[in-house]
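Read off the chains here:
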Amino acid sequence: MATKHEQILQHIDRLPIGSKISVRQIAKDLDVSEGTAYRAIKEAETQGYVSTIERVGTVRIEKKQKENIERLTFAEVVNIVDGHVQAGREGLHKTLNKFVIGAMQLEAMMRYIDAGSLLIVGNRYQAHKIALQQGAAVLITGGFDTSEEIKQLADRLALPIISSSYDSFTVASMINRAIYDRLIKKEIVMVEDILKPLAETPVLLTSDSVAKWHQYTELYQDTRFPVVDEQMRLIGIVTSKDIIGHEETATIDKVMTKNPITTSPRVSVASSAHTMVWEGIELLPVVDNHRKFVGVLSRNDVLKALQFTAKQPQMSETFPNLIMSHFREERQADEMVYLGDVSPQMTNHLGTIASGIMTTVMVEAACNLLRHHRRGDMVPENITVYFLKPVQMESHIEVKPRLLDISRRFGKVEVSVFHGDQLVGQAMITAQIIER
């Protein structure tokens, strides 16, 4: 039987797109406490089918699929630009296909506007009106308002008019940044993308006998099975090691390993792979926030996913990538050296390289060196920085990683940073190697 929390989530999921949601109303409709209703609404927001907008409230929105993650709903745009909804609240759940900056003559502007787009423009009432008539929402910059006639039109067409105090360039940059952040997330493979779901996973109940485990091994050609209770909550895991020495009539709850290590659907595959290697396990059960069993992750699934991501075009603009874009790799004699300049963005308020940036450079150099020796993903386990000296902006630095030890699972690298002939940084980095 579903818990109250699960019942609320199912209720919210069944609500029509665009519905307003309130803690008080949910609590009243489902006869639960307001605290229980609040927690369920927050989880629905985390799962991406509810959005809370300041001065508007909580709205049921369309949950975006992974391949469509670079699109935003108008509700999300309001939050991104710190906006105020002037009209057309009923359309906040809709998804925008593109945005257009209205910095041109009206006739030229209209050629770029179509249904589902967002016009970013100042206090140009005629542009607001025509955009709405063509099925587009409007974002008014500079904190300006619009006319009552246009607000009524927006309400009638269920197309939002959003007002923001930022200028057009800043608003466009903020929306672009949000889209790019989503593209980075899209590249990161999550456990929920590759797990074997509950419907395809054989499970044992605590009341089953060891004899049933033997039947399962022959039927499924496997020796590891999750153990669940009647409500499909994970209780344990049973493997061939647990079965040794036990009679076939013994029940599973007497032989299983209790409280096994688990992961969550919203954890990255790289993080789960790290756990599996570190703990030396082949099968990782996947559970939700209420320990309800949703599937399993096997070592083979992880290896396939890592091989797949290795073949993808790398378009991420993460901070380590941005920092290392200032450096070039060069081979000097038999060692790898990274040469680069300290840009103003890499400095602290004193104009010297920030310690976090210096640490990132040393870690990236160490992991790159390990990749020359082993194929796989490098996960830093331990970073010991034992020497740092201030380096002024626009200084030229050389980063020299030196391999100290490497095995199938771990690598140890000492990294030295020089400014001219002067040592300005030194660290020891130990990284776990997750083989592909």
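Scoring rules and cut-offs
Residues numbered from 1 in each chain as written. Predicted model: local features only at pLDDT ≥ 70, side-chain atom pairs only at ≥ 80, totals over all residues. Heavy atoms only, no water. Helix = DSSP H or I, 4+ residues; strand = E, 2+ residues; numbered from the N terminus. Buried < 20%, exposed > 50% of the residue type's maximum accessible area, 1.4 Å probe, protein only. Contact = heavy atoms within 4.5 Å. Areas by Shrake-Rupley, 256 points an atom, 1.4 Å probe, with all protein chains shown as cover. Lys, Arg positive; Asp, Glu negative; His and termini not counted. Charge placed at Lys NZ, Arg CZ, Asp CG, Glu CD. Phe/Tyr/Trp six-rings, centres within 6.5 Å; stacked < 30°, edge-to-face > 60°. Lys NZ or Arg CZ within 6 Å of the ring centre and 35° of its normal. Patch = residues over 30% accessible without salt bridge, like charges linked within 9 Å, V, L, I, M, F, W, Y side chains within 5 Å. Salt bridge = Lys/Arg side-chain N within 4 Å of Asp/Glu carboxyl O. pLDDT = per-residue confidence, 0-100. Pairing = 2+ DSSP bridges. Axes fitted to C-alpha atoms, helices over the stretch in contact; angles between N-to-C directions. Core = buried A, V, L, I, M, F, W, Y, C linked by side-chain atoms within 4.5 Å. Left-handed = near helix turned anticlockwise from the far one by under 90°. Nonpolar A, V, L, I, M, F, W, Y, C, P; charged D, E, K, R; others polar.

Student: Hey, could you run me through the overall build of the protein chain in this one?
Tutor: Helix and strand counts for the protein chain come out as 16 helices and 23 strands. Out of the 436 residues belonging to the protein chain, those deemed buried represent 45%. The contacts in the protein chain between residues at least 6 apart in sequence include a share of 56% that link residues at least 24 apart. Roughly 22,700 Å² of accessible area belongs to the protein chain as shown, and the carbon and sulfur atoms make up 50% of that amount. In the protein chain, 50 side chains carry a positive charge and 54 a negative one; their mean positions are 2 Å apart.

Student: So what exactly am I meant to see when it comes to the environment of valine 32 here?
Tutor: Note on placement: valine 32 falls in the loop between helix H2 (23–30) and helix H3 (34–46). You can call valine 32 buried: its relative accessible area is 13%. Aside from chain neighbours lying at most four places away, what touches valine 32 is Lys4, Ile8, Ile26, Ala27 and Ala37.

Student: Looking at this structure, I do not really get the packing of aromatic side chains. What am I missing?
Tutor: Two aromatic rings, taken as a pair, are described by how far apart their centres are and by the angle between their planes. Under the criterion given, the structure shown has 3 aromatic pairs. An aromatic cluster is built from Tyr216, Tyr220 and Phe225, whose rings are joined through pairwise contacts. Positioned above the aromatic ring of phenylalanine 418, the side-chain terminus of lysine 400 is 5.1 Å from the ring centre.

Student: Just checking my understanding: could you explain a nonpolar patch on the surface for this structure?
Tutor: Where nonpolar side chains cluster on the molecular surface, the patch consists of Ile383, Val385 and Leu388 and spans about 220 Å² of accessible area. Of note, valine 385 is situated in strand S20 (residues 377–388).

Student: Mind showing me how you'd approach the confidence of the model for the protein chain here?
Tutor: This prediction gives the protein chain a mean pLDDT of 85; 91% of its residues lie at or above 70. Every residue in residues 65–69 is under pLDDT 50, and counting partners more than four places away or in other chains gives 8 contacts. Considering only residues more than four positions removed or in separate chains, one finds that residues 312–316, a stretch of pLDDT under 50, has 10 contacts.

Student: What exactly am I supposed to notice about the sheet that holds strand S7 (residues 98–101) here?
Tutor: With respect to topology, 5 strands assemble into an open sheet ordered S5-S10-S9-S8-S7, the strand pairing being mixed. Every interior strand has two partners, whereas the edge strands, strand S5 (84–87) and S7, have only one. Ignoring strand direction, the axes of neighbouring strands in this sheet form an average angle of 25°. Pairing of strand S8 (residues 117–121) with strand S9 (residues 137–140), which is carried by 4 bridges, proceeds in the parallel orientation. Across the sheet, the residue bridging to leucine 118 is alanine 137, located in S9. Where helix H6 (residues 125–133) meets the sheet, it contacts S8, S9 and strand S10 (161–163), and its direction lies at approximately 155° from that of S9.

Student: I'm lost on the sheet that holds strand S16 (residues 283–287) in this one. Help?
Tutor: Hydrogen bonding along the main chain pairs the strands of a sheet, whether they run parallel or antiparallel. Spatial ordering of the open sheet is given by S11-S17-S16, a layout of 3 strands whose pairing is antiparallel. What marks the edges here is a single partner per strand, and that holds for strand S11 (196–197) and S16.

Student: Explanation requested: unusual backbone geometry in the structure shown.
Tutor: The phi torsion of most residues other than glycine is negative, and most of the peptide bonds are trans. The phi dihedral of alanine 158 is positive, around 55°, even though this residue is not glycine. Of note, alanine 158 is situated in the loop between helix H7 (148–157) and S10.

Student: What exactly am I supposed to notice about the pairing of strand S23 (residues 422–434) here?
Tutor: Regular strands have side chains that alternate between both faces of the sheet. Summarising burial for S23: 10 of the 13 residues are buried, a large majority. Alignment of S20 against S23, held across 10 bridges, turns out to be antiparallel. When the sheet's bridge partners are listed, threonine 384 is paired in S23 with methionine 428. The loop that links strand S22 (residues 410–419) with its antiparallel partner S23 comprises 2 residues; one of these, glycine 420, has a positive phi angle of about 65°.

Student: Got a minute to help me understand the nonpolar core in this structure?
Tutor: Most often, soluble globular proteins have nonpolar side chains that are buried together. Formed by 31 residues in total, the largest nonpolar core has its most connected members in Phe327 and Val399. Looking at this core, the elements that each hand over two or more residues are helix H15 (319–324), strand S19 (335–341), helix H16 (355–373), strand S21 (396–406), S22 and S23. For this core, the element with the highest residue contribution is H16, accounting for 10 residues.

Student: Explain the pairing of strand S18 (residues 327–332) to me, please; I cannot follow it from the model alone.
Tutor: With 6 bridges connecting them, S18 and S19 associate as antiparallel partners. Residue pairing in the sheet places arginine 331 in a bridge with methionine 336 of S19. In textbook terms, the turn of a hairpin is the stretch between consecutive antiparallel strands, and for S18 and S19 this stretch comprises 2 residues, one of which, alanine 333, has a positive phi near 60°.

Student: Looking at this structure, I do not really get the packing of H2 against H3. What am I missing?
Tutor: The axes of two packed helices give the description: the angle between them and the distance between them. The N-to-C vectors of H2 and H3 enclose an angle of 115°; their axes lie 8 Å apart at closest approach. As for the relative orientation of H2 and H3, their crossing is right-handed in sense. Residue-level inspection shows Val23, Arg24, Ile26 and Ala27 of H2 in contact with H3, the latter providing Glu34, Ala37, Tyr38 and Ile41. Of the residues contributing to the contact of H2 with H3, the split by class is 6 nonpolar, no polar and 2 charged.

Student: What exactly am I supposed to notice about the side chain of histidine 5 here?
Tutor: With respect to the helices and strands, the residue histidine 5 is situated in helix H1 (residues 4–14). For histidine 5, a relative accessible area of 12% puts it in the buried group. Once residues lying within four places of it in the same chain are set aside, the contact partners of histidine 5 are Arg39, Ala40, Glu43 and His290.

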